[in-house]
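# Structural features, examined
Below, each chain spelled out in residue letters.
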Amino acid sequence: MGRDLKLENLTKRYGNLTAVDHVNLEIREGEFICFLGPSGCGKTTILRMITGFETVTDGRVIFNDRIINDLIPKKREFGIVFQSYALFPNMTVEENIAFGLKMRKMPKKVIAERVNKMLDLIGLSDWRKLYPAQLSGGQQQRVALVRALAPDPQVLLLDEPLSALDAKIRLRLRAEIKRLQQELKKTMIHVTHDQEEALSIADRVVVMEKGQFRQVGRPIDIYKNPNCNFVADFVGTSNFSEGRRTADVVDIGRRKIKVTRNGNVKDEAVSLAIRPENVEVFNGNEAPQIPEPMNLVPGRIEVVVFQGAAVRLLIHLDGEEIISDIIEKEFEQRTLKQGDQVYVYCSPESYLVFPEGEGTK
Amino acid sequence: MNPVEPYGKRFSSWFTADNLFTGVIMAFLLVILSVFLLYPVVDICRLSFIKNGALSLQNYLDYFSEPKIFRSFYNSMFVSTVTMVITTVLAFLFAYGLTRTTMPGKGFFYTVSTLPLIAPTIIQALALILLFGRNGVITRYLLDTSWNIYGATGIIVGEILYCFPNALFILYTTLSAVDTRLDEAAQSLGASALKTFFKVTLPSAKYGIASAAALTFNLTITDFGIPVVIGGDYSVLATEIVNKVFGMQRFDLGATISVILLVPSITAFAINYYLTRKSYAMISGQARPFIQPSRPLKKWAFTAYSSLICACILLVFITVFLGSFVRTWPYDFSLTFKHFDFPSLGASVPFWTAFWNSVLEPGAFRDMIAIKYAPIWTSLMVSLVVAVVGASITLVAAYIIEKKKPRGEQLLYALSVLPAAIPGVVLGLGYVLAFNKPYFLIYGTVWIIIINVVIANFTLGLLSGTANLKQIDKSVEEAAVSLGAGPVTTFTKVVFPLSKVAFFSTATFFFMRGMTTISAVLFLVSAQIKLAAIEIIFLDVDGRTASANAMCTVVVLIVALFLVIMRLTTGKSALSGMSASN
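Residues numbered from 1 in each chain as written. Chains lettered and ligands numbered in written order. Predicted model: local features only at pLDDT ≥ 70, side-chain atom pairs only at ≥ 80, totals over all residues.

## Some details on the overall build of chain A
The helix and strand tally for chain A stands at 10 helices and 20 strands. Taking the principal axes of the C-alpha coordinates as reference, chain A spans close to 80 × 45 × 35 Å. Out of the 361 residues belonging to chain A, those deemed buried represent 42%. (Helix = DSSP H or I, 4+ residues; strand = E, 2+ residues; numbered from the N terminus. Buried ≥ 20, exposed ≤ 12 C-beta atoms within 10 Å, placed from the backbone.)

Next comes the structure, spelled out in structure tokens:
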């Protein structure tokens, strides 16, 4: 189908080390895909194989129904945005943006128009005569972004483009990239280790670990329904416990927990995960009214961390610790403080249950 | 639908513009280095193992069984070892003063200490003779003693003055790279200043120290200019080679001694090279806090010491300058320009002679400039070509090695650093043996000299190019490629502009070497083609010491002028961070 990009059993080995291990993915034209994973998981290697700067050990990269494994980078006409901006320091903003257009031997007039359009796109028209060293990091990366977009590439690849920037600018530029993607309807492939960035920007997120894809899906699905321990842990924060499950009850040793996903399993090793925002905390003066008393346990607030809109509590249960995020207003209403005796409640449906050994924590 | 495979042919996957570009340059460099570096050296080795047309070790047996000749080997080892020890100690203390104390005038001291790089190595010997020679102003005039400096003492003192900046450069880099916070940590833990120096500072600089020592040894044992002028009867390997070849036309003995000289010289180079890499591995990239104010005693002791060293270096230059202007050293100190009217050195430089003839009025002055100054114009021309060619070719080689990493990269790298290990005299003799053949058309022209100087100084050009290219972010090149630039465009539009400063600094280095080099081109000059630096030796050997001084002064002034021009055009001092290695 059209200008889709397909990875088929794509593999990269360096000697004995397998950096990318038989991955498969179809990226549709106009889609915004984000590769997310810890450093060394192979996400950048995949990106570099797509750009052609890295050779493919095994498998195929297919674009527009043609195998492009051996096509030199120049011929692929993919735009790239680098973490280090990689602007040409000896050229002005304008010259940087025009570079790719000149390489394609476009007429001068067309180049001038295109450069203007690109500068408008990022609101940097006044800066056209400046050199990269005279710009801030955020401005440089915006220039790098439109420099890559100027020749109208088939696909735009972004290699951790925001990692070198500070927090505030990162947020702004993230929004700007998203806006440009929607405006230009360009296929974009973005690599990052920042889960928040991936979830907020992409149409689909690919969570990677050890050269393999752990989960591919919409951001909301990745967050709400992680399919393994690794994803639950890497994307967002989770409380984990291990135990054995019989029907809808998991025995974690010290106590039993009711979960919803039952099925006909009997005595199976599982691990449980629950997001901190699903851990409810009540004042310890009297037991609250809750639908599933088995999941209500007493505890003590050990640490209180103020996080702005939310408050994170580290609660000591008998022999375990659990993290709970509650909104600041509720925290005040319930008059909670460090050292308080509390009740902790986790509803059965908020627990995620993974069979043991699926993905590594 | 099955995807088609339009690029599946193996051919297309390696036959790309990029590989073509790399391949062509690689092949070019390998051919150049094989023909102009390997072949002459191999030819020397071959000749040394042949006696009466048969393979034999006879040449070596002759050498080692003749005590008078064997002496040169012992002498070389002796002066090199002594020079090595003294230079390393002196340079270390100087570097310590520059990096670890708060003495005033550091910039001045550093600049003065690099001065020896801009003069032919012979300048130290000329100055020492004027001061301490048979008619030395100090020995004869002030002390009225019959003692003079000719021989081992002269060679050692001269070599110390010459090697000083080279050793200093390594030690300065080492000491400025070692984190001073280690010293502070040691002192905060209760170590005394002296203990800190011996337990922390010295050990952390040990590789740099050893590397500076090895370099000094290599420079001394391969040098020709100083021993030939001040050595007197004290023969060393380098002068012995020239003696055998020029004096006795014994190319076989010259070749044998060359191979013998290669052994310590390559060993010292290999040690230096290995240790330099080790020492750079220890460098911490962290920013260092400022140095604590030194105690007054320490501060003034180092200031006095550094002033003394700089005074010695300046004295060399001042003496030779004066020596070229006074009528009869040391008896008649009235000033004159007559020594600059060189005794009939004429040689043909068609371009320059025609040029001066057209701009100057006919007369004695025009003859002097147009004819007698011919060696200077030849040197200038050779040096300018060497600067452009040398800087370009080493930058391209560094680019291929550092950024393209093609197959055979290590071979190219090995060949590229080899010149620093080959003594100039040996390479020069190799050129005579290998290329003095009728079908080798450029032999006997300036081109063979240009090639020789470029090859002899290839290593430093390459190393400075590599160091510079390492600083260019790989992504910048990839950005150019992804935007559609081919390998040539990427190099000319992106890589070269980013390497400009390094390029000019390397070009300056090559220019200086072209103007001042003696040993490598000694065998390649002729009655038609003369070089200024070589003429200094010939003038001195002819007993025209004052004119030798004058010629030396002219060379130094030309190099200094070039440095000033480069400084004004690039805004950077080309001397900082530079050291000769051959």
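From this point, the narrative continues.
## Topic: the overall build of chain B
Regarding its fold elements, chain B presents 27 helices and four strands. Relative to its length of 582 residues, chain B is compact, with a C-alpha radius of gyration of 26 Å against a globular reference of 25 Å. Over its C-alpha atoms, taken along the principal directions, chain B stretches across nearly 100 × 75 × 60 Å. Per-residue burial over chain B gives 49% buried out of 582 residues. If you take every contact in chain B between residues at least 6 apart in sequence, the share linking residues at least 24 apart comes to 80%. (Rg over C-alpha atoms; globule rule 2.2 N^0.38 Å. Contact = placed C-beta atoms within 7 Å.)

## Concerning the sheet that holds strand β20 (residues 352-355) of chain A
Hydrogen bonds between backbone groups are what pair the strands of a sheet, and the pairing can be parallel or antiparallel. Residue and element names in this part refer to chain A. What the five strands build is an open sheet, ordered β13-β12-β11-β14-β20; its pairing is antiparallel. Looking at which strands have only one partner, the edges of the open sheet turn out to be β13 (256-258) and β20. Direction aside, the axes of adjacent strands within the sheet are offset by 40° on average. (Pairing = 2+ DSSP bridges. Axes fitted to C-alpha atoms, helices over the stretch in contact; angles between N-to-C directions.)

## Here's the deal with the environment of M84(B)
Residue and element names in this part refer to chain B. Structurally, the position occupied by M84 is in helix α4 (residues 67-100). Given 25 C-beta atoms within 10 Å, M84 falls into the buried group. Residues M84 and I209, spaced 125 residues apart in sequence, show a C-alpha to C-alpha distance of 11 Å. Excluding residues that lie within four positions of it along the chain, M84 makes contacts with A213, T216, F217 and T220.

## As for the sheet that holds strand β8 (residues 187-192) of chain A
All names here are of chain A. Read across the sheet, six strands follow the order β6-β7-β8-β3-β9-β10 without closing on themselves; strand pairing throughout is mixed. Sheet topology places β6 (78-81) and β10 (212-217) at the edges, where each strand pairs with a single neighbour. Here the average twist between neighbouring strands, direction ignored, is 20°. As paired elements, strand β3 (residues 32-36) and strand β9 (residues 204-209) share four bridges and run parallel to each other.

## What about the packing of helix α18 (residues 374-404) of chain B against helix α22 (residues 458-470) of chain B?
The relative placement of two packed helices comes down to the angle between their axes together with the axis-to-axis distance. Residues and elements named next belong to chain B. Contact geometry for α18 and α22: axes closest at 8 Å, N-to-C directions at 50°. Between α18 and α22, the angle is such that the two are oblique. You can see that α18 and α22 cross each other, and the crossing is right-handed. Every residue of α22 that contacts α18 at G390, A391, T394, L395, A397, A398, Y399, I401, E402 and K403 is listed here: F458, G461, L462, G465, T466, L469 and K470. Considered class by class, the residues forming the contact of α18 with α22 number nine nonpolar, five polar and three charged. (Parallel < 35°, antiparallel > 145°, perpendicular 65-115°, else oblique. Left-handed = near helix turned anticlockwise from the far one by under 90°. Nonpolar A, V, L, I, M, F, W, Y, C, P; charged D, E, K, R; others polar.)

## Some words on the nonpolar core
With 166 residues, the main nonpolar core has A91(B), I122(B), L126(B), L171(B), M551(B), C552(B) and V555(B) as its most contacted residues. Residues in contact with A91(B), not counting those within four places in the same chain, are F164(B), A167(B), L168(B), L171(B) and A212(B). Of all hydrophobic cores here, the second largest spans 106 residues; its members include A198(A), F230(A), V259(A) and V353(A). (Core = buried A, V, L, I, M, F, W, Y, C linked by C-beta atoms within 7 Å.)

## Thoughts on the interface of chain B and chain A
Residue-level contacts link 26 residues of chain B with 26 residues of chain A. Breaking the side of chain B that touches chain A down by element, the ones donating at least two residues are α1 (10-14), α23 (474-482) and α24 (487-498) of chain B. Looking at the side of chain B that touches chain A, the element that brings in the most residues is α23(B), giving six residues. Among the residues forming the side of chain B that touches chain A, the class breakdown is 13 nonpolar, nine polar and four charged.

## Side note on the confidence of the model for chain B
All names here are of chain B. This prediction gives chain B a mean pLDDT of 85; 92% of its residues lie at or above 70. Across residues 576-582, where pLDDT falls below 50, the model places 19 contacts with residues more than four positions away in sequence or in other chains. Our summary of model confidence lists the complex with pTM equal to 0.81 and ipTM equal to 0.78. (pLDDT = per-residue confidence, 0-100.)

## Describing unusual backbone geometry
Residues and elements named next belong to chain A. Not every positive phi belongs to a glycine, and N64 is a case in point at roughly 55°. As for its placement among the helices and strands, N64 is situated in the loop between β4 (58-63) and β5 (66-67). For N64, a count of 15 C-beta atoms within 10 Å translates into the label partly exposed. One non-glycine residue, A86, lies in the positive phi region at around 55°. One can find A86 in the loop between β6 and α3 (93-103). For A86, a count of 26 C-beta atoms within 10 Å puts it in the buried group.

## A closer look at the pairing of strand β19 (residues 341-346) of chain A
Residue and element names in this part refer to chain A. Where strand β15 (residues 279-283) and β19 come together, five bridges link them in antiparallel fashion. Bridging from a neighbouring strand, V281 pairs with V344 of β19. Pairing geometry for strand β16 (residues 296-306) and β19, over five bridges, is antiparallel. The partner of R300 across the bridge, within β19, is Q341.

## A few points about the pairing of strand β2 (residues 17-27) of chain A
All names here are of chain A. Judged from the seven bridges that link them, strand β1 (residues 5-14) and β2 form a sheet pairing that is antiparallel. Note that in β2 the partner of L7 across the bridge is L25. The antiparallel hairpin formed by β1 and β2 contains two residues in its connecting segment, where G15 sits at a positive phi of about 60°.

## Concerning helix α21 (residues 446-456) of chain B
Residues and elements named next belong to chain B. With nine of its 11 residues buried, α21 lies for the most part within the structure. Listing the buried residues of α21 in full gives I448, I449, I450, I451, N452, V453, V454, I455 and A456. Among the structural elements, α2 (17-48), α18, α20 (424-435), α22 and α25 (500-516) are those in contact with the buried residues of α21.

## Topic: the environment of L117(B)
All names here are of chain B. Among the structural elements, L117 can be located in the loop between α5 (106-114) and α6 (122-132). Using a count of 21 C-beta atoms within 10 Å as the deciding quantity, one classes L117 as buried. Residues L117 and R366 lie 249 residues apart in sequence; the distance between their C-alpha atoms is 32 Å.

## Re the environment of A479(B)
You can see A479(B) is positioned in helix α23. Considering only alpha carbons, one finds A479(B) and T490(B), 11 residues apart in sequence, at a separation of 9.5 Å.

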